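# Results of the structural survey
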Amino acid sequence: MTGAADDDPSGIATYSQAGAQFGFGLLWTMLLTYPLMSAVQLISAHIGRVTGCGLAKNMGDLLPRWIVTSLVILLFVANTINIGADIAAMGDAGQLVVGTNGHLLTIGFALLSLGLQLFIPYRRYAAFLKWITLCLLAYVALVFMVHMDWKAAAVGFIVPRIDGKVAVITVVAILGTTISPYLFFWQSAQEVEEVAQKPAAEPLVDAPWQARREFRRMRIDTFAGMAISNIVALAIMAGTAATLHASGHTTIGTAADAAKALEPVAGKFAFLLFALGIIGTGLLAVPVLAGSAAYAIGESRGWKCGLEHKPWEAVGFYSVIGIATLLGIAIDWSSIDPIKALFWSAVINGVVAVPIMAAMMLVARRRKAMGKFTIGPRLYFFGWAATVVMAAAVAAMIFVQ
C-alpha cells in the first residue's frame, strides 16, 4: 500500500514532466532512488516495530521539543499542499472523462476521501482501491508498444547527467516525490498498528524472539513494494520521453497533456486510464498524507492515534485529518494549475525530507529506545547516504545558477 501511495498524483505529474521535458536524461534518478528509498522506509518500519511507538514519539524522546514541533509543522504544511494538489488533480482528471466541473469533482473527491477515513478502516477500503492503481501498469505496457530508443534509454538510466537549473529542480522533485517524508511517518505508524491489532505481537524490545520473523517480513514487504513503485515511475518517465518528448511536447500544463502519453497504447481510452490512475492513487494517497500528519502531531502531543479507531475515540487525531483535507480543498481554488501544483509539492517534499531524515537516523541508532535492535551498518550507511543525496540536491537547487 505504501508503494502504491508513493506513485500518487504528485508522483505521476513529476515523472511525466521529467520525461516530457528531459527525455531519457533523468532516468538515472530511478537507479539511485530504489536502494535509498528502500533503506529509508525499512528504517522507518524498523523504528516502529522495535519500539512500538511512532516516529514522532521517538523523535520527541530524543530531540528538544521545539525541534520536533518545527519538523511536525513542516510535515503538516507539506502534506496539506500535497493533499490540495492531489485532490485538484483528481478533479481535473475526472473532468476529462465525465465533463463535470472540475472544482465540484475536487470537493466531491475530498469529501469522499474524508468520509472513508472517518467511517471505514483504511485497510479495508485500501484493499479494493489498490486494484485501481493497476491502471498505472498501462505506462509499463506503453514502454513496449511505442518506438523506444533503447540505447538512449540505457544511457539515460546508467549515466547521470544534469543540464541546468531546471534539471536540478526536477531532480529535487523526483527525489521528493519518491522519498517522501509523509511515508516515513506512515510506515512507522503502520508497524505500530500491527502491534496493536495482533494479540500475540509485541514491540521487539519486549519480545526479541519475534525479531527474526518480523525483520524478514519487513524486508520482503519493503523491497517488493518499493520495487513496484520504482518500476512504475521508471515506466512513466520512459513512456513520456518516447511519446511526448519525442514529438516535441516538452511541457505538461494540464492533465490532458499528461494523458496524451497513453494514447499509443490506449487510444480513445487514454483519458479514462489516466483518470482512473490519478483518482485511484489519489484516494489511496490522500489518507496517507492526512494520516501521517495526524500521526506525527498526535504522537508528539500524546493523543490516541490510529485509523482503526472510531472518530469519537481519537478526536484530536481525526481533527487533524479533517483540517488538512479541508485546507487542501482551498488550494484547488487558487490560480495554480493542478499539474504545476503537483510538481512543486514534490519539490517542497524534497526540501522538508532532509531534516526529518537526519532526525530519523539519530533515532534509529539510539540504544535507549532501540535496545539491541539499533540498525546495522548497512542500513545506517544507506540511510545517511539518502539524507546526504537529498541535502546535496536541495543545496544545488538553492545555490546553482
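Every value quoted in this text rests on a predicted model; they were computed, and no experiment measured them. (Residues numbered from 1 in each chain as written. Predicted model: local features only at pLDDT ≥ 70, side-chain atom pairs only at ≥ 80, totals over all residues. Heavy atoms only, no water.)

## What about the packing of helix α11 (residues 181-197) against helix α15 (residues 270-301)?
One way to put it is that α11 packs onto α15 with a least axis distance of 8 Å and a crossing angle of 75 degrees. Between α11 and α15, the angle is such that the two are roughly perpendicular. Each of Y182, L183, F185, W186, A189, Q190 and E193 in α11 lies in contact with α15, whose residues at this interface are P287, V288, L289, G291, S292, Y295, A296 and E299. A per-class count over the contact of α11 with α15 returns ten nonpolar, three polar and two charged. (Axes fitted to C-alpha atoms, helices over the stretch in contact; angles between N-to-C directions. Helix = DSSP H or I, 4+ residues; strand = E, 2+ residues; numbered from the N terminus. Parallel < 35°, antiparallel > 145°, perpendicular 65-115°, else oblique. Contact = heavy atoms within 4.5 Å. Nonpolar A, V, L, I, M, F, W, Y, C, P; charged D, E, K, R; others polar.)

## Here we look at helix α2 (residues 9-22)
Under the 1.5 Å per step criterion, the end-to-end length of α2 is 20 Å for 14 residues, consistent within 8% with the ideal 20 Å. Across the 14 residues that make up α2, a large majority, 13, are buried. Backbone geometry just after α2 places G23 at a positive phi near 60 degrees. (Expected span 1.5 Å × (residues − 1). Buried < 20%, exposed > 50% of the residue type's maximum accessible area, 1.4 Å probe, protein only.)

## What to know about the packing of aromatic side chains
A ring pair, where both rings are aromatic, is described by two values, the distance of the centres and the angle of the planes. Taken as a whole and judged by the stated rule, the model has seven aromatic pairs. Centre to centre, the rings of F343 and W344 are 5.6 Å apart; their planes meet at 85 degrees, and the pair counts as edge-to-face. A relative accessible area of 45% places W344 in the partly exposed class. Three or more aromatic residues joined by ring pairs form one cluster here, namely W186, Y295, F317 and Y318. Of note, R365 hangs over the ring of Y380, and the distance from its end group to the ring centre comes to 4.4 Å. (Phe/Tyr/Trp six-rings, centres within 6.5 Å; stacked < 30°, edge-to-face > 60°. Lys NZ or Arg CZ within 6 Å of the ring centre and 35° of its normal.)

## Focus on the environment of L142
Topologically, L142 is positioned in helix α8 (residues 137-145). Looking at L142, the relative accessible area reads 0%, which means it is buried. With ten residues separating them in the primary sequence, L142 and A152 have C-alpha atoms 17 Å apart. With sequence-adjacent residues up to four places away left out, L142 is seen in contact with G239, T243, A261, L262, P264 and V265.

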